[in-house]
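What follows is the residue order along each chain.
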Amino acid sequence: MRPLSRLLLAALTFSLVGGASLPATSHSVSVVDPQVETPALYDDEAGGNSNGDDPAIWVHPSKSGKSVVIGTAKEGGLFVYNLDGQQIQHLAAPAAPGPDDEVGRFNNVDVTYGFGGRDLAVVSDRGRDQLRIYAIANGQLTDVTDPAAPFVFNTTQQQVNDAETAYGLATWKDSTGTYALVSRRHRTSIGLVKLLPKPNGKVGYQLVKTLNLPPSFTLPNGQSWTPCDEPGREPQVEGMVVDQEKDVLYAAQEDVGIWRMRADLTGTPVLMDKVREYGVPATYDPATEECTPGTDPGYGGQRLTADAEGLTIYYREDGKGYLLASSQGDNTFAVYRREGSNAYLGQFRIGSHNGIDGVEHSDGSTVLNVPLGDFEEGLFISHDGANTPTTPDRENTNFKFADWSDIADELDLDVDTDGWDPRD
């Protein structure tokens, strides 16, 4: 536990909105049918230790039907799919640099357009504490990572093996360049990393700035609260997305809630919504490696069940739109207004349909308002952490595709294919 003076300082430094909230109540959850799913990924030796996590969409410059979906699979590397969910490319994660070192482990991915005339997929490699960068042309990915690319948060390979590494990721462009916002595993840190052109068409990067979210909080009753975890670990951030028109970063601190802040990491972050478990005392049991919760004091939110995970934005032409968040603990997605104070609008889940199972334990997700092939009114994609049919002793994951129009119909949201275009 940190000294009380530091806890009070953290509580004063960061703004918490809404104060105490009522205990969680039952709420209506709409069910949306999936239309497409990708092949199963198996996290074992036979499956290449492939464990799906986070998707991104690359939009073809002239033929929307040739757009592709890029999915991370940790040690399995990257998988590239067409809009029918069929695998069209696989790129392996890097090997370990030495016999006692960690292998590449791809966690999150995002796409940025027009970097030196090229489109790029940027990936956080949590095994190597690096970013991997791939040029995209005609739906095919080519590794263009600078061979001299540094570690993101550490300085030596031994520190990488022993310490916390690059984890969540979201890209962002402004007048000063192209950036990745990168979170640090088991820490509250978020780093602003600038992409840099290098010789021979390679792309490197440099850590520009870091921001630390609070690891502990002062509750309305004056008591301090620290989310329960294995000793030495802080409440980490993974899911992130940048509002590219407003230069706002949203970051999901898994056991805490969703933060809103400037993408350049200046100013004061605001906790826009909390998980239901916020403020619940718990004790870590090293024998079971689980946390045993105590009595809920009722300070948590009402929409997100920990972990708060993947974040994504649906843009409208009028500058409005929607922020979507994965509520991993109850297999749903919460929808908020993109503008103002991010008012809550509703909840949905991806159910089962036409032989495709529903989404459970979702990590990453992404949505685009632009027409993409048969998804003429936009496309939502989610990681499914418990794909079926199951196979005994084989962890099975994949990605599910859903029509944005189906989500909009269920929650009375807008469809606007003239909103922000990622290529503009």
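Calculation criteria
- Residues numbered from 1 in each chain as written.
- Predicted model: local features only at pLDDT ≥ 70, side-chain atom pairs only at ≥ 80, totals over all residues.
- Heavy atoms only, no water.
- Core = buried A, V, L, I, M, F, W, Y, C linked by side-chain atoms within 4.5 Å.
- Buried < 20%, exposed > 50% of the residue type's maximum accessible area, 1.4 Å probe, protein only.
- Helix = DSSP H or I, 4+ residues; strand = E, 2+ residues; numbered from the N terminus.
- Contact = heavy atoms within 4.5 Å.
- Pairing = 2+ DSSP bridges.
- Patch = residues over 30% accessible without salt bridge, like charges linked within 9 Å, V, L, I, M, F, W, Y side chains within 5 Å.
- Areas by Shrake-Rupley, 256 points an atom, 1.4 Å probe, with all protein chains shown as cover.
- Salt bridge = Lys/Arg side-chain N within 4 Å of Asp/Glu carboxyl O.
- Lys, Arg positive; Asp, Glu negative; His and termini not counted.
- Charge placed at Lys NZ, Arg CZ, Asp CG, Glu CD.
- Axes fitted to C-alpha atoms, helices over the stretch in contact; angles between N-to-C directions.
- Disulfide = S-S within 2.5 Å.
- pLDDT = per-residue confidence, 0-100.
- 1 Å grid on protein atoms, 1.4 Å probe; cavity = no way out; pocket = protein on both sides within 12 Å on 5 of 7 lines; lining within 4 Å.
- Points joined across faces, edges and corners; volume = space filled by probe spheres on them.
- Nonpolar A, V, L, I, M, F, W, Y, C, P; charged D, E, K, R; others polar.

### Description of the nonpolar core
Membership of the largest hydrophobic core comes to 41 residues, with the highest contact counts inside it found for Leu181, Ile190, Tyr250, Met261 and Tyr278. Per-element accounting of this core gives the leading share, 5 residues, to strand S20 (residues 248-253). Discounting residues that sit within four places of it in the chain, methionine 261 has contacts with Ile190, Leu211, Leu213, Asp247, Val248, Leu249, Ala251 and Pro269. Ranked by size, the runner-up nonpolar core spans 34 residues in total, among them Val36, Trp58, Ile70 and Val370.

### Describing the pairing of strand S11 (residues 130-137)
Along any regular strand, the residues point their side chains to alternate faces of the sheet. In terms of burial, S11 is largely enclosed, as 7 of its 8 residues are buried. The pairing of strand S10 (residues 118-125) with S11 spans 7 bridges and is classified as antiparallel. Bridge pairing in S11 links aspartate 119 to isoleucine 136. Pairing of S11 with strand S12 (residues 140-143) involves 4 bridges; the strand directions are antiparallel. Bridge pairing in S12 links tyrosine 134 to aspartate 143.

### A short note on a negative patch on the surface
On the surface, Asp33, Asp84, Asp374, Glu376, Glu377, Asp409, Glu410 and Asp412 cluster together into a patch of negative charge. Counting through the fold element by element, aspartate 374 comes out in the loop between strand S29 (365-368) and strand S30 (379-384). A relative accessible area of 70% means that aspartate 374 is categorised as exposed.

### Regarding the sheet that holds strand S5 (residues 55-58)
Within a sheet, neighbouring strands are paired by backbone hydrogen bonds and run either parallel or antiparallel to one another. Strand order across the open sheet formed by 4 strands is S5-S6-S7-S8, with antiparallel pairing between neighbours. A strand with exactly one partner marks an edge of an open sheet, and here the two such strands are S5 and strand S8 (87-91). Averaged over neighbouring strand pairs, the angle between their axes works out to 20° when direction is ignored. With 4 bridges connecting them, strand S6 (residues 68-72) and strand S7 (residues 78-81) associate as antiparallel partners. Residue pairing across strands places isoleucine 70 opposite valine 80, the latter belonging to S7.

### A short note on the state of the cysteines
Taken as a whole and assessed by the stated rule, the structure comprises 1 disulfide. Between the sulfur of cysteine 228 and that of cysteine 291 lies a disulfide, 2.1 Å long from S to S. Between cysteine 228 and cysteine 291 the sulfur-sulfur dihedral comes to about -85°; the bridge is accordingly left-handed. Placement of the pair is cysteine 228 in the loop between strand S18 (224-225) and strand S19 (237-243) and cysteine 291 in strand S24 (residues 290-293), with a sequence separation of 63 residues.

### A short note on the pairing of strand S27 (residues 332-337)
Counting buried positions along S27 gives 5 out of 6 residues, so the element sits mostly inside the fold. In this structure, strand S26 (residues 321-327) lies alongside S27, joined through 6 bridges in antiparallel fashion. Its bridge partner being in S27, leucine 323 is matched across the sheet by tyrosine 336. Between the end of S26 and the start of S27, which pair antiparallel, lie 4 residues, with asparagine 331 showing a positive phi angle near 60°.

### So, the environment of glutamine 159
Tracing the backbone through its elements, the reader meets glutamine 159 in helix H2 (residues 157-162). When the C-alpha atoms of glutamine 159 and aspartate 129 are compared, they prove to be 9.7 Å apart, with 30 residues separating the residues in sequence.

### Focus on the confidence of the model for the protein chain
Overall, the prediction assigns the protein chain a mean pLDDT of 93, with 94% of residues at 70 or greater. Throughout residues 1-26 the model reports pLDDT below 50, and contacts reaching past four residues in sequence, or to other chains, amount to 46 contacts.

### Description of the layout of surface pockets
Here the largest pocket is characterised by a volume of approximately 1,000 Å³. Together, 38 residues line the largest pocket, and Glu254, Asp255, Asp307, Glu309 and Gln328 are the ones closest to its centre. If you list the elements that add at least two residues to the lining of the largest pocket, you get strand S23 (282-285) and S24. Sorting elements by how many residues they give to the lining of the largest pocket places S24 first, with 3 residues. Tallied by class, residues from the lining of the largest pocket come to 10 nonpolar, 10 polar and 18 charged. By volume, the second largest pocket amounts to about 600 Å³.

### So, the sheet that holds S10
Ordered by their spatial adjacency, 4 strands build an open sheet running S9-S10-S11-S12, and the pairing between neighbours is antiparallel. Only two strands of the sheet have a single neighbouring strand rather than two, namely strand S9 (106-115) and S12. Taking the axes of each pair of neighbouring strands and ignoring which way they run, one obtains an average angle of 30° across the sheet.

### Let's talk about unusual backbone geometry
Of note, the bond from alanine 306 into aspartate 307 is cis; its omega dihedral lies within 30 degrees of zero at 10°. Position of aspartate 307 relative to the elements: it lies in the loop between S24 and strand S25 (308-315). The step from threonine 388 to proline 389 runs through a cis peptide bond, and the omega angle for that step is 5°. Here proline 389 shows up in the loop between S30 and strand S31 (396-403). Positive phi, close to 55°, is recorded for aspartate 129, a residue that is not glycine. Of note, aspartate 129 is situated in the loop between S10 and S11. Judged by its relative accessible area of 0%, aspartate 129 is buried. Look at histidine 186: it is not a glycine, yet its phi comes out positive at around 65°.

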